[in-house]
Amino acid sequence: MRRIIYGLLFVLVGACTETPAEPTGLVTKNAMVVSAREEASAIGVEILQRGGNAFDAMIGTELALAVAYPFAGNLGGGGFMVYRKNNGDVGALDYREKAPMAAHKDMYLDSSGAVIPGLSTKGATGVGVPGTIAGIFEVHRQFGTIPMEEIIAPVIELVETGVRVTEKQAARLEKYWEDIIEINGDNTLFYNKCKVGDTLRYPALANTLKRIAKNGREEFYSGETAKILADFIQLKGGYITLEDLDGYEAKWRQPIIFNYKDLRLISMCPPSSGGVTINQIFKMIEPYDIGNGEHHSARTLQLFTEAARRAYADRNYFLGDPDFVDIPLDILLSQGYIDERMDSFSFSHATPSEDIHEGQVIMAEHDETTHYSIVDQFGNAVSVTTTLNGAYGSKLYCDELGFFLNNEMDDFSAKPGVPNMFGLIGAEANSIAPGKRMLSSMTPTIIEKDGKLWMVVGSPGGSKIITAVAQTILYVYEFNMSMQEAVNTPRFHHQWLPDEIVFEPGEFSEETKDELREKGYIINETLTPIMGKVDGIRILSDGSLEGGADRRGDDTAVGF
Ligand code: DON
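Calculation criteria
- Residues numbered from 1 in each chain as written.
- Predicted model: local features only at pLDDT ≥ 70, side-chain atom pairs only at ≥ 80, totals over all residues.
- Heavy atoms only, no water.
- Helix = DSSP H or I, 4+ residues; strand = E, 2+ residues; numbered from the N terminus.
- Rg over C-alpha atoms; globule rule 2.2 N^0.38 Å.
- Areas by Shrake-Rupley, 256 points an atom, 1.4 Å probe, with all protein chains shown as cover.
- Lys, Arg positive; Asp, Glu negative; His and termini not counted.
- Charge placed at Lys NZ, Arg CZ, Asp CG, Glu CD.
- Pairing = 2+ DSSP bridges.
- Contact = heavy atoms within 4.5 Å.
- Axes fitted to C-alpha atoms, helices over the stretch in contact; angles between N-to-C directions.
- Parallel < 35°, antiparallel > 145°, perpendicular 65-115°, else oblique.
- Left-handed = near helix turned anticlockwise from the far one by under 90°.
- Nonpolar A, V, L, I, M, F, W, Y, C, P; charged D, E, K, R; others polar.
- Buried < 20%, exposed > 50% of the residue type's maximum accessible area, 1.4 Å probe, protein only.
- Phe/Tyr/Trp six-rings, centres within 6.5 Å; stacked < 30°, edge-to-face > 60°.
- Lys NZ or Arg CZ within 6 Å of the ring centre and 35° of its normal.
- Near = heavy atom within 4 Å.
- Polar contact = N/O pair within 3.5 Å; in protein donor to acceptor, adjacent residues only side chain to side chain.
- Core = buried A, V, L, I, M, F, W, Y, C linked by side-chain atoms within 4.5 Å.
- Salt bridge = Lys/Arg side-chain N within 4 Å of Asp/Glu carboxyl O.

## A look at the overall build of the protein
No. 1: Counting secondary structure elements, the protein contains 17 helices and 21 strands.
No. 2: Relative to the globule expectation of 24 Å for 560 residues, the C-alpha radius of gyration of the protein, 22 Å, shows essentially globular dimensions.
No. 3: If one aligns the C-alpha atoms of the protein with their principal axes, the spans along those axes are about 65 × 60 × 45 Å.
No. 4: Of the roughly 20,100 Å² that the protein leaves accessible, carbon and sulfur atoms contribute 51%.
No. 5: In the protein, 50 side chains carry a positive charge and 78 a negative one; their mean positions are 1 Å apart.

Here you go:
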């Protein structure tokens, strides 16, 4: 009954909705790429201008990020792509890393069963089998329209001419310099510190890319590059073998699709938790009309927080690699279950996280990433989040090949109940097993409104990805912001455990925070390195595109 009343109210309110916000970000008529670096967005756009489609541009942008943004862009990591073609077809590609065959459940524990610090995060022992090269070749095989050599050529040119070091990049390299040298020794390319304005060139990477352009996917998984890579990782004490590389495959999967009011959201399915968790959050808040108030009022913050708290508790317990565990998606995403999860919610006080556990489900049996969004001149859309996990991944840099390797193994739950580097606590569903993919929070998302493409959006930020993406969508849809304004707007986060709301420091009013404290919320305003870094595109009513490039990084929208 309650839902029928809210539904009627929505129709009435919807009838007099205000006109969409005027754009404040870059507006272009035909096509756009928004990514973490201008150089990468420009290469994506160059491919589009040569007649390529969004999928061709995805390949160029992904590789260019490995050059211009090695902090997260990668050949040695993995990611997820959600797409929507101009005919409305949607799908998702999983090129997530997986555990090597030598991996086992207790591989990061000492003899007393305690997690050994650093083993899953630093150096060769934390590296998962990379998926990025398999991903781009699979995208090309399925949807590519221009030859791979032609797509890779401008990236090789970028590697050879070099990339200008920005202020933010210099600061990041400085911050992680000691770790990089500790892992790689003094002979690594990064030993020579770079300053703002220097040009960074990676000759070894140019050679690797030339071999990949010539020999294709096999070069990386069974060719010369594979041999160098497997030998290097093993020499450094890691587990990945030539067989692990040879056995890697990217997988097409069914995205998570759900409606929120008159939006239709298409997002990433397991092994990412992103789609399931935003689906739960949106469905939990839907009956309360979150837009009926101010975007940073105590009421808005409270409603979102309580939904996130409950959704993350489910995420951490139920989700893992669907090829290894049964995930009760039909129950977790059913309206009855979601309504029941919110039964304990009240605007009068916080629900302590210790009172929240995973929901009752009867089952048959169980810091660094980057996002880019692309819309092409044909109306195809691609939303991709790709990662090395930590900043520069495991910090292990293969000088001979010219790229960093991930530390994605830390996204597994090394031991039930012990938090990973994002403070996420996992359970059996995300325990380590040979060949298994580790659970992710990446949330590449595409949204339709009235059956038409409306937004392409996503973010890095570890566990904060999901809340950053959800808030950006709500800022535009419920609070009538432009794409750029929504991306700029300060964000907050709650992930069940630890039981605290994390705020971007200095951005939320004291009055609101006091009101929340009075209701029992714990507030954390210490500077977290990243509260998401959202790159999105909004399609305006005349069909032109508005970019939202995150001011928190060097992110840039380019288009025509
Ligand atoms: O897949 C995941 O959820 C993490 N490996 C993402 C890491 C990340 O976003 C780090 N960026 N700040």
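Here the narrative resumes, following the displayed structure.
## Digging into unusual backbone geometry
No. 1: Of note, the amide linkage connecting P270 to P271 takes the cis form, showing an omega dihedral of 20 degrees.
No. 2: Following L497, the chain continues into P498 via a peptide bond in cis, with omega recorded as -5 degrees.
No. 3: Examined against the element boundaries, P498 turns out to sit in the loop between β16 (492-493) and β17 (501-503).
No. 4: In this structure, D289 takes a positive phi of about 50 degrees despite not being glycine.
No. 5: With respect to the helices and strands, the residue D289 is situated in the loop between α11 (274-285) and α12 (298-318).

## A look at the sheet that holds strand β1 (residues 27-28)
No. 1: With antiparallel pairing, seven strands are arranged side by side in an open sheet as β1-β20-β19-β15-β14-β9-β8. The open sheet has two free edges, formed respectively by β1 and β8 (256-260), since each of these has just one partner strand.
No. 2: Direction of pairing for strand β14 (residues 445-449) relative to strand β15 (residues 452-457): antiparallel, over a ladder of five bridges. In the sheet register, T445 faces β15, and the bridge partner there is V457.
No. 3: Of the strands in this sheet, β8, β9 (263-267) and β14 touch α11, which is tilted by about 15 degrees from β8.
No. 4: Here helix α15 (residues 465-477) sits on the sheet in contact with β8, β9, β14, β15 and β19 (535-539), set at roughly 135 degrees to β15.

## Description of the packing of helix α2 (residues 38-49) against helix α3 (residues 54-68)
No. 1: The N-to-C vectors of α2 and α3 enclose an angle of 155 degrees; their axes lie 8 Å apart at closest approach. Considering the angle they form, α2 stands roughly antiparallel to α3. Crossing hand, α2 versus α3: right-handed. The segment α2 lies against α3, with E39, A40, I43, G44, I47 and L48 engaging A54, D56, A57, G60, T61, A64, L65 and A68.
No. 2: Split by residue class, the contact of α2 with α3 holds nine nonpolar, three polar and two charged.

## Thoughts on the pairing of strand β3 (residues 78-84)
No. 1: In terms of residue burial, β3 counts as a mostly covered element, since seven of its seven residues are buried.
No. 2: Along β3, one buried face is formed by G78, F80, V82 and R84 and the opposite face, lined by G79, M81 and Y83, is buried too.
No. 3: Bridge count for β3 against strand β11 (residues 381-387) is seven bridges, and the pairing is antiparallel. Note on β11: the bridge partner recorded for G78 is T387.
No. 4: Here β3 folds back onto strand β4 (residues 90-95), and the loop between the two strands holds five residues, one of which, G88, carries a positive phi near 95 degrees.

## As for the packing of aromatic side chains
No. 1: The final tally for this structure, using the stated rule, is 30 aromatic pairs.
No. 2: Ring geometry for F71 versus Y392: centroids 5.1 Å apart, planes at 80 degrees, classification edge-to-face.
No. 3: Among the residues examined, Y392 registers a relative accessible area of 1% and is labelled buried.
No. 4: A centroid spacing of 5.0 Å and a plane angle of 65 degrees characterise the contact between F220 and Y221, whose relative ring orientation is edge-to-face. Of the two residues examined, F220 and Y221, each falls in the buried class.
No. 5: Grouped by ring-pair contacts, the aromatic residues Y69, F71, Y176, F190, Y202, Y392, Y397 and F404 constitute a single cluster.
No. 6: Geometry around F71 places R172 over its ring, the cationic atom sitting 4.7 Å from the centre.

## Points about the sheet that holds β17
Whenever strands of a sheet pair, they do so through backbone hydrogen bonds, lying parallel or antiparallel.
No. 1: Spatially, three strands are ordered β16-β17-β18 in an open sheet, and the strand pairing comes out mixed. The two strands at the open ends of the sheet, each matched to only one other strand, are β16 and β18 (523-524).
No. 2: Pairing of β16 with β17 involves two bridges; the strand directions are antiparallel. Considered in β17, the bridge of H493 is made with V502.

## With respect to the site of the ligand
No. 1: The ligand sits among 17 residues. The nearest are T369, E408, D411, S441 and G462.
No. 2: Here a nitrogen atom of the ligand and a side-chain polar atom of E408 are 2.6 Å apart.
No. 3: When grouped by side-chain class, the residues that make up the shell around the ligand number five nonpolar, seven polar and five charged.

## As for the nonpolar core
No. 1: Counting residues in each nonpolar core, the largest one holds 87 residues, and the members touching the most others are M58 and M81.
No. 2: Looking at which element gives the most residues to this core, the answer is α3, with 11 residues.
No. 3: When neighbours within four sequence positions are excluded, M58 is seen to be in contact with M81, Y95, I136, V139, Y372, I374, V382 and V384.
No. 4: Listed in part, the 85 residues of the second largest apolar core include M32, V82, V276 and L301.

## Points about the pattern of salt bridges
No. 1: Per the counting criterion, the structure on display carries 36 salt bridges.
No. 2: When the shortest N-O distance is used, the salt bridge between D94 and R253 registers 2.7 Å. One end of the pair, D94, is in strand β4; the other, R253, is in strand β7 (residues 251-253), and 159 residues separate them in sequence. Grouping residues by exposure puts D94 and R253 together as buried.

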